[in-house]
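Single-letter residue listing:
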Amino acid sequence: MVRKLETLPRTDGYRMPAEFEPHAGTWMLWPERPDNWRLGAKPAQHAFVAVAQAIARGEPVTVGASPRQFANARAMLPPPIRVVELSNNDSWMRDCGPTFVVDGKGGVRAVDWVFNAWGGLEGGLYFPWDQDDLVASKVAEVERVDRYRAPIVLEGGSIHVDGEGTLLTTEECLLNPNRNPGLSRAGIEQVLADYLAIEKTVWLGPGVVDDETSGHIDNLCCFVRPGVVALTWTDDKADPQYDISHDAFERLSAATDARGRRFEIHKLHQPGPLHLTEEESRGIDAVEGTQPRLAGARLAASYVNFYIANGVVAVPVFDDPHDGEAIERIARLFPGRTVVPVPAREILLGGGNIHCITQQQPAPRGA
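Everything numeric here is computed off the predicted structure, so don't read it as measured data. (Residues numbered from 1 in each chain as written. Predicted model: local features only at pLDDT ≥ 70, side-chain atom pairs only at ≥ 80, totals over all residues. Heavy atoms only, no water.)

## A look at the pairing of strand β18 (residues 338–343)
Filter applied, for reference: The criterion for strand pairing is that DSSP finds at least two bridges linking the strands in question. Helix and strand assignments come from DSSP, with helices taken as H or I runs of at least 4 residues and strands as E runs of at least 2, each series counted from the N terminus.
Across six bridges, the pairing between strand β17 (residues 312–317) and β18 is parallel. Bridge pairing links Val 317 to Pro 343 in β18.

## Quick look at the side chain of Asn 88
Note the threshold: Each polar contact in these results corresponds to two N or O atoms within 3.5 Å; when the atoms are within protein, one needs to be able to donate a hydrogen and the other to accept it, and residues that are neighboring in sequence are counted only if both atoms are side-chain atoms. By definition in these notes, contact holds between two residues if any of their heavy atoms fall within 4.5 Å.
Within the fold, Asn 88 resides in the loop between β4 (82–85) and α3 (93–96). Of the polar contacts made by the side chain of Asn 88, one reaches the backbone oxygen of Leu 86; its length is 2.9 Å. Ignoring anything within four residues of it in the chain, the contact list for Asn 88 reads Leu 29, Trp 30, Gly 64, Ala 65, Ser 66, Gln 131, Asp 132 and Val 135.

## Some points on the packing of aromatic side chains
The following threshold applies: Note on ring pairs: Phe, Tyr and Trp rings are taken, using the six-membered ring of Trp, and paired if centres are within 6.5 Å. Classes follow the plane angle, with under 30 degrees stacked, over 60 edge-to-face and the rest tilted. Exposed residues in this analysis have more than 50% of their type's maximum accessible area, buried residues have under 20%, and partly exposed residues fall in between, with area computed by a 1.4 Å probe over protein chains only.
Overall, the coordinates contain 10 aromatic pairs when judged by the stated rule. Plain terms: the ring middles of Trp 37 and Phe 48 are 5.7 Å apart, the flat faces sit at 85° to each other, and that makes the pair edge-to-face. On the criterion of sequence distance, the pair formed by Trp 37 in the loop between β2 (23–29) and α1 (42–56) and Phe 48 in helix α1 is long-range, its members being 11 residues apart. In this structure Trp 37 comes out as buried when scored by relative accessible area, which is 1%. Between Tyr 303 and Phe 318 the ring centres are 5.7 Å apart and the planes differ by 55°, which places this aromatic pair in the tilted class. Separated by 15 residues along the polypeptide, Tyr 303 in the loop between β15 (298–299) and β16 (307–309) and Phe 318 in the loop between β17 and α9 (323–333) bring together distant segments of the chain. Ring-pair connections join several aromatic residues into one group, and the members of that group are Trp 37, Phe 48 and Trp 92.

## Quick look at the sheet that holds strand β6 (residues 108–114)
Strand-to-strand pairing in sheets goes through backbone hydrogen bonds, with the strands running parallel or antiparallel. Keep this limit in mind: Think of each axis as a best-fit line through the C-alpha atoms, taken over the contacting stretch in the case of a helix, with angles from 0 to 180 degrees between the N-to-C directions.
Spatial strand order, β1-β7-β6-β5: four strands in an open sheet with mixed pairing. Either end of the sheet is taken by a strand with one partner, and the two such strands are β1 (4–5) and β5 (99–102). The pairing of β1 with strand β7 (residues 147–153) spans two bridges and is parallel. If you follow Leu 5 over to β7, its bridge partner there is Tyr 148. With respect to the sheet, helix α4 (residues 132–143) is in contact with β5, β6 and β7, its orientation differing from that of β6 by roughly 170°.

In structure tokens:
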């Protein structure tokens, strides 16, 4: 029996491990919304298949698909990739899926955050989001793990952890009044401590320019290993991203992690800037209550939105002059893993990228 627990993960001895720690597998969701994905989501589906195949080189992958798309997903995905029927509103498993925690004694549990589509009725990207808010509990059922229902709105893309008590986030997102207006900075830090065993939260300011998630950290900065981070960068002083990245660099340079270490910061120059084309915009259905996709809009492209799997790093590429440099730099950061570049513009058109559509399930520790 899968239980909904009323205790706190930290009290029960659970913590959130880092993404670079061993995984039992990866979870994804299958795209289909024609008002978010162009041409009936068919190009995006091919991109999701490529991501799943890249990750499956190192670990098991499970893809949740709606009843309407289950047969199509099963036909398009290779047989080793598991497909389960899982109703949803859209395909952002990082943000609506569970955050898994471990206890070092073989236990794995799920934290089920409240999801409101990145802002609810005050800036959210679509309505309704009721099926997305059930995804975490359904994943917990499939994996037969107990879960905690957390008391705050939080998306998985808004946090990055080092597995040793340090968490990175942005003020733009977690302090946004359309998430948890009744909570102060200290109140949010307390919830992160209680549910993820975080000892120190490092706050950066805004996220990547025009990131419609309200500046998720996973597009701006991430942990490579304890004490080491990768940061989105640009040398173009006329680009608004310049000031944002420099502010983040200064904050990181002045901060220490939960173990007292100074951060080693590695810069990954952003692609582009990239923009939505007229042809791409025409392929997306216009539906009331959904974020419009207008030609000329800047896309929140970032190489930092990679995903670390067992033995593999899946890196988004965009047929951009900076792709090669990004691949080389990330390969140097992960000498024990194979870097797999995945063409990811179709995912970017929907508002995110590889990290946004994946969620790691950690392997049990000490079992």
